[in-house]
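# Structural characterization, general
What follows is the residue order along each chain.
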Amino acid sequence: MRLYRTSNGQYVEDGGSYYRVPEPSWDALVTHGDLQGYLLSIAGKSEPAEDFSQAKIAAPIGSQEVWAAGVTYYRSRSARMEEAKTAGGGDFYDRVYSAERPELFFKSTPHRVAGPGDDVRIRKDAKWSVPEPELTLLVNHRGQIIGYTAGNDMSSRDIEGENPLYLPQAKVYTGSCALGPCVLIGGEPLPADTPISLEIARNGRTEFAGSTTLRELKRAPDTLVEYLFRDNSFPFGAFLMTGTGIVPPDHFSLASGDRIRIAIDPIGTLENNVA
Ligand code: DO4
Ligand code: MG
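Residues numbered from 1 in each chain as written. Chains lettered and ligands numbered in written order. Predicted model: local features only at pLDDT ≥ 70, side-chain atom pairs only at ≥ 80, totals over all residues. Heavy atoms only, no water.

### Observations concerning the domain arrangement of the protein
Domain assignment breaks the protein into domain 1 (2-54) and domain 2 (65-274). Placing a centre on the C-alpha atoms of domain 1 and another on those of domain 2 gives a separation of 27 Å. Taken together, the contact between domain 1 and domain 2 spans 12 residues of the former and 18 residues of the latter. Interface area, domain 1 with domain 2, both sides summed: about 1100 Å², of which 65% is carbon and sulfur. Three residues stand out in domain 1 for area buried against domain 2, namely R2, V30 and T31, and they jointly supply 44% of the buried area on that side. Among the elements of the structure, β1 (2-6), α1 (26-30) and α2 (35-45) are those that each provide at least two residues to the side of domain 1 that touches domain 2. (Domains from an automatic or database assignment. Contact = heavy atoms within 4.5 Å. Buried area = accessible area lost by both parts, 1.4 Å probe. Helix = DSSP H or I, 4+ residues; strand = E, 2+ residues; numbered from the N terminus.)

Laid out in structure tokens, this is it:
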């Protein structure tokens, strides 16, 4: 089942049909005692809605904070070690990759999040910018994973590489995060062979394409959530991005007009243009 937030309210997709969700509040859905059961009962009882295709799909977020895990794939560890080498920060990435405690950082407030079809942004004072395609967990206020979406952790690699203490500036700015197109509902872990792919198109031509699978993700989603909720409360739940396993080559930097496509098979494709 896929849950969509749109300009016209919320819809649940089940078996190819879309049903209107009577609950108008996204936050109420995320904190529902049995969201899956509630959505199943809607799909089982009501008539499919005909107006889904006229609605604009929005980012699936209400009052949730967005957090992110880092250096959870070997590819991210190696790319970051290289980028921070001259600043003397390379060692940190290797150490956090092998440490018991994961790297978790604050990524975004809801107002900085772009939805499907919206523009994401690169910082004006950055010279080296990349998208980071990441499986993103939707976690309720009790710390239970209730769904999955696709996320883009837009990053300024030159700022991050200059000094690891600049991480918040490299990661948190207007238009630095995208989520969508929907939330795949269900707490069942996604299979290890779940593919994640990234395509960046420039002037209609593919400039970069890459893929990975969840098998390469070093940390279990449950463990990441357990750390996030240690001594921290999230009254409306939270999103947790699980890190990137796809890093374009070092000569690549995003440019205005680029089209970014992030596909995670059971969720769908998140598409955004760079402003
Ligand atoms: O430590 C820097 C950020 C890492 C990150 O965002 C990732 O691995 O996805
Ligand atoms: Mg990331």
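That covers the picture; the talk isn't over yet.
### Things to note about the environment of E50
For E50, the position within the fold is in the loop between α2 and β4 (65-70). For E50, a relative accessible area of 68% corresponds to the exposed category. (Buried < 20%, exposed > 50% of the residue type's maximum accessible area, 1.4 Å probe, protein only.)

### A closer look at the pairing of strand β3 (residues 17-20)
The side chains of a regular strand alternate, residue by residue, between the two faces of the sheet. Here strand β2 (residues 9-14) pairs with β3 via 4 bridges, running antiparallel. Residue pairing in the sheet places E13 in a bridge with Y18 of β3. (Pairing = 2+ DSSP bridges.)

### Focus on the sheet that holds strand β16 (residues 259-264)
Through backbone hydrogen bonds, the strands of a sheet pair up, either in parallel or in antiparallel fashion. The sheet built from 5 strands is open, its strands ordered β7-β17-β16-β13-β14 with mixed pairing. Looking at the sheet topology across the chains shown, the edges are occupied by β7 (119-120) and β14 (205-213). Across 8 bridges, strand β13 (residues 195-202) lies against β14 in antiparallel orientation. Residue I200 lies in a different strand from β14, and its bridge partner there is F208.

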